[in-house]
Protein chains: 2
Amino acid sequence: MATIYEVSNLAGVSLATVSRVINNNTRVSDKTRQKVIDAMDKLGYRPNSIAQSLASNCSNSVGILVSELNGAFFGQMMAGIESELRAAGKHVIITTGHSDEEKEKEGIEFLISRNCDALIVHVEGLSDDYLIELAKGSTPIFFMSRTVNTIEKNCISLDNELGGYLATKTMLENGHENIAYIAGPQVKPDAKARFIGHKKALKEYGIPFDDELYYEGNFCETGGNDGLKRFLDKGLNFTSLVCANDEMASGAMTYAREHGISLPEDLSVIGFDNIIFSRHIYPKLTTIDNPVGEMGHMAAKLVLKNVYNKKDITVKYSFEPSLIDRDSVSRLN
Amino acid sequence: MATIYEVSNLAGVSLATVSRVINNNTRVSDKTRQKVIDAMDKLGYRPNSIAQSLASNCSNSVGILVSELNGAFFGQMMAGIESELRAAGKHVIITTGHSDEEKEKEGIEFLISRNCDALIVHVEGLSDDYLIELAKGSTPIFFMSRTVNTIEKNCISLDNELGGYLATKTMLENGHENIAYIAGPQVKPDAKARFIGHKKALKEYGIPFDDELYYEGNFCETGGNDGLKRFLDKGLNFTSLVCANDEMASGAMTYAREHGISLPEDLSVIGFDNIIFSRHIYPKLTTIDNPVGEMGHMAAKLVLKNVYNKKDITVKYSFEPSLIDRDSVSRLN
DNA sequence: TTGTACGCGTTATCAC
DNA sequence: GTGATAACGCGTACAA
């Protein structure tokens, strides 16, 4: 691979001049510039980005930490981040934390030691205190789907409480009063906020919260399955089911169908996140849209603005969920 | 951030010695080693991976090119690659090609210019000839889900023809003789091979291929939708539908249901790939498993073995699909 | 506008 | 076993 040195030789100019045309910061006469470009072409020269990084102390890479590489939710998030960054000539280094505190910590260490210029992470196991410490470090770090007090400017978040409220309100507006709820793990802030929204809607409509109609699931298909089974086994009376995410809604729907419950006639179901397959399942799932792709874009813009000093970028830290009305909720008369 | 120089100073040894304990290749006396380690601890020293890369001419990163970051198929693939590589202390730089020739080319250029030690790519737009040229370059490159003549050792592939054969054979064994087929874009080698497998199974059972019962889809939900519509509008007689991937199967199933066709009684459907949501849709989709996660692992192992000189790795270039028997195919009497 | 010279933080090749 | 010292390829004051 040709180096800047060989280019300078062939073009008959100095190293510095070649460097100048590569980065075109300083003015170079058109004539010399052309000579350099010709030489670069002839040699098939490509800048060594490693050397550039060392000399400029900027790796042009941003580290991403997600819980899983597969999974529709993270897929949309990564796609949003990558497309925005790629367009700016930056690249992403992606690693996983599997929602586990230790692995998340390790992943972040890994990314920092790789000299990323910034980090965009989605962590679920790490405590707020730890994140605050992290934010004090020399590597700028931004948190997806999370708000941490005192470092709000490093956070991109969804108004999960509003989402939870909207989901349950949808049921209420359709005449449902006996509403079962399958929550996400309450150690996760998202899950907690959604649940709060649920109770808020209930209260607004004057329906008391019934502990019997509550189940804490795991955000996976099995959680929906187990939750509905629990409600059914207890012989409870309910006409609708609100799930804290789409996976659990899908699990519950499968379980319902296997037990002779027709959807949505006998049971209305609503999910949360609007992940890709929610429109594939039957009946098409009514759910709450989580604009995670858009949030990914914004996280990337935040990095562009704060770390790479791009101007003219308007940022936004909080996003709002919205109802996606499909076929899984029926009107009760 | 402390450098190796400060460590050597504090420990009272030379730069070279510090470097030695970092990489522990050469023998260092326990006493000096301890001095160095103490100094590193005290300074909170972390090796600068950029500088290491420049000096050693090895970036410890491998570039990945996938068509999309979202999408279950690529999710599984990336997860397989990343976990294998991460365990070996390597990291992945991921970018996208969107199945477009130009973008794929650009993505690969991007990755190469980032000094990746190797590339693992899943390309659909680039020609075999181009890939052969690429393989001659100085950056080792491996191709996922593709076999290219003369560079078979750079390819990890699935026996798509076998998969296509299995899918159709499943229908035949269940007594179906009028089988409609929705193919993938025939410019894609995978889609082509699956179709060949389909015809092979037909031939084996003495059923002539009927051009009327063939539709070339786009590998997306809409392809399944449009294909089934076409068959139905023509008033054709068929009891089963083989789709070249799960997305199209899902689209077709949705369309069928919307038109009063009960599944699987009136129409049996089989997909291909066994992507996550195939077990979420109703009825649970019978499909052909595409072990893409495993293939990702193997691609990473290939890199580990060939590029990072890890021994004791047994490689395998070709993978076999298998039938996942669920509920979308009914037995015809 | 252009060239010189040094620095970025390591690894690697010699000597000792 | 350990220490100088030269690469690695490029950015950038500073000088010309």
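About the cut-offs
- Residues numbered from 1 in each chain as written.
- Chains lettered and ligands numbered in written order.
- Predicted model: local features only at pLDDT ≥ 70, side-chain atom pairs only at ≥ 80, totals over all residues.
- Heavy atoms only, no water.
- Helix = DSSP H or I, 4+ residues; strand = E, 2+ residues; numbered from the N terminus.
- Rg over C-alpha atoms; globule rule 2.2 N^0.38 Å.
- Buried < 20%, exposed > 50% of the residue type's maximum accessible area, 1.4 Å probe, protein only.
- Contact = heavy atoms within 4.5 Å.
- Areas by Shrake-Rupley, 256 points an atom, 1.4 Å probe, with all protein chains shown as cover.
- Core = buried A, V, L, I, M, F, W, Y, C linked by side-chain atoms within 4.5 Å.
- Domains from an automatic or database assignment.
- Buried area = accessible area lost by both parts, 1.4 Å probe.
- Salt bridge = Lys/Arg side-chain N within 4 Å of Asp/Glu carboxyl O.
- Polar contact = N/O pair within 3.5 Å; in protein donor to acceptor, adjacent residues only side chain to side chain.
- Nonpolar A, V, L, I, M, F, W, Y, C, P; charged D, E, K, R; others polar.
- Pairing = 2+ DSSP bridges.

Chain A is annotated in an unreviewed UniProt entry as LacI family DNA-binding transcriptional regulator of Litorilituus lipolyticus.

Would you mind going over the overall build of chain A with me for this structure?
Across its full length, chain A holds 12 helices and 12 strands. For 333 residues, the compact-globule estimate of 2.2 N^0.38 gives 20 Å, and chain A exceeds it by more than 25% at 26 Å. By residue count, 54% of the 333 residues in chain A fall in the buried class. Across chain A, the fraction of contacts at a sequence separation of at least 24, relative to all contacts at a separation of at least 6, is 68%. About 14400 Å² of surface is accessible on chain A, with carbon and sulfur atoms providing 48% of the total.

Is there a simple way to explain the nonpolar core in this structure?
One recurring pattern in soluble globular proteins is that nonpolar side chains are buried together. Core analysis: the largest hydrophobic core is formed by 144 residues, its most contacted members being Leu241(A) and Leu241(B). Leu241(B) has contacts with Met171(B), Ala180(B), Tyr181(B), Ile182(B), Leu228(B), Phe231(B), Ala252(B), Leu267(B), Ser268(B), Val269(B) and Ile270(B), leaving out every residue within four places of it along the chain. The next biggest cluster of nonpolar side chains, apart from the first, holds 35 residues, and it includes Leu119(A), Val148(A), Val123(B) and Leu131(B).

Whenever I open this one, the domain arrangement of chain A confuses me. Can you help?
Interfaces are frequently sized by the accessible area removed from exposure as the parts join. By the assigned domains, chain A splits into domain 1 (4-56), domain 2 (61-158 + 292-319) and domain 3 (160-290). Computed over C-alpha atoms, the centres of domain 1 of chain A and domain 2 of chain A are 34 Å apart.

Hey, could you run me through the interface of chain B and chain A in this one?
Listed per partner, the contact involves 46 residues of chain B and 46 residues of chain A. Buried surface at the junction of chain B and chain A, both sides included, amounts to about 4300 Å², of which 55% is carbon and sulfur. Close ionic contact of Arg86(B) with Glu106(A) constitutes a salt bridge, the shortest N to O distance being 3.4 Å. Across the chain B-chain A interface, the total number found is 26 residue pairs in polar contact (both at pLDDT 80 or more). Per-element tally for the side of chain B that touches chain A: the top contributor is helix H6 (residues 101-113) of chain B, with seven residues. When the residues that make up the side of chain B that touches chain A are grouped by side-chain class, the tally is 15 nonpolar, 18 polar and 13 charged. Across three bridges, the pairing between strand S2 (residues 91-96) of chain A and strand S2 (residues 91-96) of chain B is antiparallel. Along S2(B), the bridge assignment pairs Ile93(A) with Ile93(B).

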